[in-house]
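If you want the building blocks of each chain, they are given just below.
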Amino acid sequence: MNPLTTTAAPASAAAPTVPSRDRFRPAWHYAAERNWLNDPNGLVYLNGTYHLFYQHNPFGTDWGNMSWGHATSRDLLHWEEQPVAIPCDAQEAIFSGSVVFDRNNSSGFGTARNPPLVAVYTSAYGGDSPLAGRQAQSLAYSVDEGRTWTKYQGNPVLDRASADFRDPKVFWYDGAAGSYWVMAAVEAVERQVVLYKSADLKAWEYLSTFGPANATGGVWECPDLFELPVDGNPEDRKWVLIVNINPGGIAGGSAGQYFLGGFDGVTFRSESTVTEGLQKDGSRMREYGWLDWGRDYYAAVSFSNVPDSRRIMIGWMSNWDYAGSTPTGGWRSAMSLPREVLLTRVDGEVVLRQTAVDPFEGSELGSFHLGPQRLVPGTLELPVTGTVARIDVEFEPGTATRVGLMLRAGGAQATLLTYDVAEGMLRLDRRASGHVDFHGTFASIETVAVPLQDGRLRLRAYLDRCSVEVFAQDGLATITDLVFPAEAGTALAIIAEGEGAQLLALDVVGG
Ligand code: FRU
């Protein structure tokens, strides 16, 4: 997005926040009490608290006045909104970026005894600034665990005289090449991830450039770079480079792709590059690595400083195609459920596995269970509803042609999650999900190839008032879509087409 002229009053002068609720407001997905939200920013864990900063317009339900909103949580599920952390001003909008815990006070912004949190964000200069039209990287710091933030006097700290240099993700590299901070940022229009290093977060030295590669049908935004063990083996590790892209995502509009490979402290070498350079035709899109195959998982980045090296990501649960038109009142857009990401080997190939932080773990509330049974072709309506729920189902499709679930059904409306056995394709069809007319591109069907495992298909779906997040085969493929069903859209049903399908189990928690 381009910087707006920011003429707004400081956030502290805004009217007191009155929570805005409607029937689409999620129970478990973070949304600002009021007003607009996009990318998660500055995800960091410190002293028992997860901090979620985010792109926020404190003054309206549309994109603009970009500032960093702030929410905190002790469990990644219950979020408490905090005052705006870094407000825009007449010179700059505060675009996406990251926060690091500067443990050794390398920046000097804190003390050895009280090391700072340092935010590395994109200054999108506008209005009064002599740098108007440029995007460069800047710092702000907090010495009170993220409550208050001070901008660094020496900003910007990294300026390439570019109009599209943004979204810095910083991490501490400790490897064969040495120990230093590394920044991954994008030259968005060039479809490039650029890497820099620093000893103090203030002086940055160029390392290397990655891209264009794989999906290039839109600008590259919000990169991330981290290392993970394969199947938990510390001797077998790979680096994951996340590159969000808009438009040109796998389901249309915004999406996140990932590359696996190696990083030697200077250069990222991809092992998953299928196509290099700028692609004119996207015919190989399905061969690329996608974080999610739905329409509504964008700008996904990971937390830093999480204990036990867990890698937890959050995405913005929307799509730039229609983000400004979604039919909610007083608030707009929510985050995805946080997801733990792991690497695992499937048939010799290393792939990403994602598991949502589960709001229903250990809960029996409204629980409903169906045991093994043959599925009669047709629709089996369940005696349980689902608007805020977790649904687990396992099918053995056998000779049937299709199996699946009808979600948020009522009247002529339903969201269909179906598996086409011959094609081996999982589909999420929201064409008749409810309100779809608010934007011409919203009605859609998302698809992902999902091989059966031992003849079985396992699906987990989270419903939360205006969203469906599907994790297939224990998170080897995911589909995230917004839906805006009519009030009556609460029913759940099992679908089978053709003889021969077995239901192994179905469990619903919530209601
Ligand atoms: C991604 C993005 C970022 C930018 C921010 C502005 O959604 O366009 O590249 O920093 O949003 O809000």
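Computed from a predicted structure; not experimentally measured.

Here we look at the overall build of the protein
Line of reasoning, step 1. A tally of regular secondary structure across the protein gives zero helices and 36 strands.
Line of reasoning, step 2. Counting only residues that meet the buried cut, the protein has 58% of its 511 residues in that class.
Line of reasoning, step 3. With the model as given, the accessible surface of the protein reaches about 19,200 Å², and the carbon-plus-sulfur share is 48%.
Line of reasoning, step 4. Within the protein, the 60 negative side-chain charges are centred at a point lying 1 Å from the centre of the 40 positive side-chain charges.

Details of the site of the ligand
Line of reasoning, step 1. Around the ligand, 12 residues are found, and the nearest of them are D39, Q55, R166, D167 and W320.
Line of reasoning, step 2. Note that an oxygen atom of the ligand is positioned 2.9 Å from one of the side-chain N or O atoms of W63.
Line of reasoning, step 3. Here an oxygen atom of the ligand and a side-chain polar atom of R166 are 2.8 Å apart.
Line of reasoning, step 4. Going through the elements one at a time, β1 (35-46), β5 (92-101) and β10 (165-175) are the ones with two or more residues in the shell around the ligand.
Line of reasoning, step 5. A class-by-class count of the residues in the shell around the ligand yields five nonpolar, three polar and four charged.

Overview of the side chain of R25
Line of reasoning, step 1. In this structure, R25 sits in the segment before β1.
Line of reasoning, step 2. R25 sits in the buried class, given a relative accessible area of 8%.
Line of reasoning, step 3. Only 3.2 Å separates the side chain of R25 from the backbone oxygen of A32, close enough to count as a polar contact.

Some points on the side chain of E469
Line of reasoning, step 1. Along the chain, E469 falls in strand β33 (residues 467-472).
Line of reasoning, step 2. Of the side chains with opposite charge, R339 comes closest to the buried, unpaired E469, at an N-O distance of 4.3 Å.
Line of reasoning, step 3. Within the structure, E469 has its side chain in polar contact with the backbone nitrogen of L337 (distance 3.1 Å).
Line of reasoning, step 4. E469 has contacts with H29, M317, S336, L337, R339, R460, A461, Y462, I479 and T480, leaving out every residue within four places of it along the chain.

Some thoughts on the domain arrangement of the protein
Line of reasoning, step 1. We note that the domain assignment places domain 1 (35-356) and domain 2 (367-510) within the protein.
Line of reasoning, step 2. Its C-alpha centre places domain 1 at a distance of 31 Å from the equivalent point of domain 2.
Line of reasoning, step 3. Counting from both sides, the interface comprises 29 residues of domain 1 and, opposite them, 27 residues of domain 2.
Line of reasoning, step 4. Interface area for domain 1 against domain 2, summed over the two sides, is near 2,200 Å², with a carbon-plus-sulfur share of 58%.
Line of reasoning, step 5. The three residues of domain 1 that bury the most area against domain 2 are W293, R295 and M317, which together make up 24% of that side's buried surface.
Line of reasoning, step 6. Seen at the junction of domain 1 and domain 2, the total is one salt bridge.
Line of reasoning, step 7. For the interface between domain 1 and domain 2, the tally reads 19 residue pairs in polar contact (both at pLDDT 80 or more).
Line of reasoning, step 8. At the level of secondary structure, the elements contributing two or more residues to the side of domain 1 that touches domain 2 comprise β22 (339-346) and β23 (349-356).
Line of reasoning, step 9. Top contributing element to the side of domain 1 that touches domain 2 by residue count: β23, with six residues.

Here we look at the sheet that holds strand β31 (residues 445-449)
Sheet strands pair by backbone hydrogen bonding; their relative direction is either parallel or antiparallel.
Line of reasoning, step 1. Strand order in the open sheet formed by six strands is β26-β35-β28-β29-β30-β31, with antiparallel pairing between adjacent strands. Each of the sheet's edge strands pairs with one partner strand only, and the pair in question is β26 (378-385) and β31. Neighbour to neighbour, the strand axes of the sheet diverge by 15° on average, direction disregarded.
Line of reasoning, step 2. With six bridges joining them, strand β28 (residues 402-410) and strand β35 (residues 491-497) adopt antiparallel strand pairing. Counted as the bridge partner of V403 is A496 from β35.

Cut-offs used in this document
- Residues numbered from 1 in each chain as written.
- Predicted model: local features only at pLDDT ≥ 70, side-chain atom pairs only at ≥ 80, totals over all residues.
- Heavy atoms only, no water.
- Helix = DSSP H or I, 4+ residues; strand = E, 2+ residues; numbered from the N terminus.
- Buried < 20%, exposed > 50% of the residue type's maximum accessible area, 1.4 Å probe, protein only.
- Areas by Shrake-Rupley, 256 points an atom, 1.4 Å probe, with all protein chains shown as cover.
- Lys, Arg positive; Asp, Glu negative; His and termini not counted.
- Charge placed at Lys NZ, Arg CZ, Asp CG, Glu CD.
- Near = heavy atom within 4 Å.
- Polar contact = N/O pair within 3.5 Å; in protein donor to acceptor, adjacent residues only side chain to side chain.
- Nonpolar A, V, L, I, M, F, W, Y, C, P; charged D, E, K, R; others polar.
- Salt bridge = Lys/Arg side-chain N within 4 Å of Asp/Glu carboxyl O.
- Contact = heavy atoms within 4.5 Å.
- Domains from an automatic or database assignment.
- Buried area = accessible area lost by both parts, 1.4 Å probe.
- Pairing = 2+ DSSP bridges.
- Axes fitted to C-alpha atoms, helices over the stretch in contact; angles between N-to-C directions.

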